[in-house]
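Chain and residue survey
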Amino acid sequence: MGGTAKKTTHMQELDLLSEICNKCGENKYFQHEVFGKMRVLPRQCACERADYERRKQEDENKQRQLRLERLKKYSMMDSHFEQCRFENFKMDKYNEKLYKMALNYCKRWQEMKKNNVGFMLYGNPGTGKTYLSFCIANQLLEQLVPVIAISSIGMLSRIKQTYSSYGKEAEADIILALKNASLLVLDDLGAENDTPWVKEKLYEIIDSRYRDGKPMICTTNLTREQLKDKLTGQDGVTRTYDRLVEMCPPIKVVGPSRRIDAASKKMEFIKDLLR
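As a starting point, this report considers the structure included with it. (Residues numbered from 1 in each chain as written. Predicted model: local features only at pLDDT ≥ 70, side-chain atom pairs only at ≥ 80, totals over all residues. Heavy atoms only, no water.)

For the protein chain, the helix and strand inventory stands at 11 helices and seven strands. Only carbon and sulfur atoms are counted for the fraction: they give 52% of the accessible area of the protein chain, which is about 17000 Å². (Helix = DSSP H or I, 4+ residues; strand = E, 2+ residues; numbered from the N terminus. Areas by Shrake-Rupley, 256 points an atom, 1.4 Å probe, with all protein chains shown as cover.)

Structure representation (structure tokens):
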């Protein structure tokens, strides 16, 4: 009786070992020694492995997209700036080196982060400072780096909005987010109102990142001296500006105003409509 059972089991195992996938032709079972005995175990064939990898990749892509969407929401970025990308960047003789610098900044992000390297772009309006800084923000977001990219006016406005609805706790949440972001891109610094409250908040944010060793990128239409005067406290101490330039070496951006060029092109359309 026992011999018959063993023979039946052996035949069943042979049948399993001869079973192949109708699609890829690979065996569905294999022999493997387990505790000194040969066992017939199931295995994934080539098409099953491919299907598993495909589903795994789809799940990873889905999770990545969900995380990216959360980071974009966290970034506080105006949807208008989501199209600021390196592939859309219009390079010319004025901005070629800045473009390469910004692209290399993203490529070497881990090094930049470790050494708390940022920079400040300053110069006349319309020279592409904002666009370039948001190119960096969007590129790093695609790499799933937590970035906040917002104008200084927009940032201060968000803080003020919490006062009427949620009070100091909500303000603390925003300040904490600005403090904890791996990179803070602060656009149009110096355009905000010149009040003690504004200076206090800007100092609080810049100082927190300075102490934590977290990089910032900022842009301003002011000269260095104008920005220094704007950030100087009522006591005459330049603590905010000093911390800022230590974290963000100033880089002057030159060139014609792209906004004026764009307006001139649109005016040609208007003139054509008037003919």
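In this section: the sheet that holds strand S5 (residues 183–187). Ordered in space as S4-S5-S6-S3-S7, the five strands form an open sheet in which the pairing is parallel. Every other strand in the sheet has two partners, leaving strand S4 (147–151) and strand S7 (250–252) as the edge strands with one partner each. Direction aside, the axes of adjacent strands within the sheet are offset by 15 degrees on average. Examined bridge by bridge, strand S3 (residues 119–122) and S7 share three bridges and lie parallel to one another. The residue of S7 that forms the bridge with Leu-121 is Ile-251. Each of S5 and strand S6 (216–220) touches helix H8 (residues 196–212); the most contacted strand, S5, lies at about 150 degrees to it. (Pairing = 2+ DSSP bridges. Axes fitted to C-alpha atoms, helices over the stretch in contact; angles between N-to-C directions. Contact = heavy atoms within 4.5 Å.)

Between two aromatic rings, the relevant description is the distance of the centres plus the angle of the planes. Counted according to the given criterion, the structure contains six aromatic pairs. Their ring planes at 80 degrees and their centres at 5.7 Å tell us that Phe-86 and Tyr-99 sit as a pair that is edge-to-face. Here the residue Phe-86 occupies a position in the loop between helix H2 (46–74) and helix H3 (96–107), and Tyr-99 occupies one in helix H3, the gap between them amounting to 13 residues. Neither Phe-86 nor Tyr-99 differs from the other in exposure class; each is buried. Three or more aromatic residues joined by ring pairs make a cluster, and in this case those are Phe-86, Phe-89, Tyr-99 and Tyr-131. In this structure, Lys-160 packs its charged tip against the face of Trp-197, placed 4.9 Å from the ring centre. The ring of Tyr-210 carries Arg-243 above its face, with NZ or CZ at 5.4 Å from the centroid. (Phe/Tyr/Trp six-rings, centres within 6.5 Å; stacked < 30°, edge-to-face > 60°. Buried < 20%, exposed > 50% of the residue type's maximum accessible area, 1.4 Å probe, protein only. Lys NZ or Arg CZ within 6 Å of the ring centre and 35° of its normal.)

All right, on to the environment of Leu-141 then. Relative to the elements of secondary structure, Leu-141 occurs in helix H5 (residues 129–142). For Leu-141, a relative accessible area of 1% puts it in the buried group. Leu-141 sits 72 residues away from Glu-69 along the chain, and the two C-alpha atoms are 9.5 Å apart.

This part is about the environment of Gly-118. In this fold, Gly-118 is placed in the loop between helix H4 (109–114) and S3. Taking C-alpha positions, Gly-118 is 8.7 Å from Leu-183, a pair spaced 65 residues apart along the chain. The contact partners of Gly-118, leaving out residues within four places of it in the chain, are Tyr-105, Pro-215, Met-216, Met-247, Cys-248 and Pro-249.

So, about helix H9 (residues 224–231). Among all positions of H9, only Leu-227, Lys-230 and Leu-231 are buried. The buried residues of H9 occupy one face: seen down the axis, they fall within an arc of 90 degrees. Exposed side chains of H9 directed beyond 90 degrees from the buried face belong to Glu-225 and Asp-229. On its buried face, H9 is in contact with S3, H8, S6 and helix H10 (239–247). (Arc of directions from axis to C-beta.)

Moving on, we come to the packing of H8 against H10. It is at 10 Å that the axes of H8 and H10 come closest, and there the two elements cross at 40 degrees. On the basis of their axis angle, the class for H8 and H10 is oblique. Crossing hand, H8 versus H10: left-handed. In contact with Tyr-203, Ile-206, Asp-207, Arg-209, Tyr-210 and Arg-211 of H8, H10 contributes Arg-239, Thr-240, Arg-243, Leu-244, Glu-246 and Met-247. A per-class count over the contact of H8 with H10 returns five nonpolar, one polar and six charged. (Parallel < 35°, antiparallel > 145°, perpendicular 65-115°, else oblique. Left-handed = near helix turned anticlockwise from the far one by under 90°. Nonpolar A, V, L, I, M, F, W, Y, C, P; charged D, E, K, R; others polar.)

Moving on: the pairing of S6. Of all five residues in S6, five are buried, a share of seventy percent or more. Residues Met-216, Cys-218 and Thr-220 point to one face of S6 and Ile-217 and Thr-219 to the other, with burial holding for every one of them. Taken together, S5, H8 and S6 form a β-α-β motif whose crossover is right-handed. (Right-handed = clockwise from strand over helix to strand, strands pointing away.)

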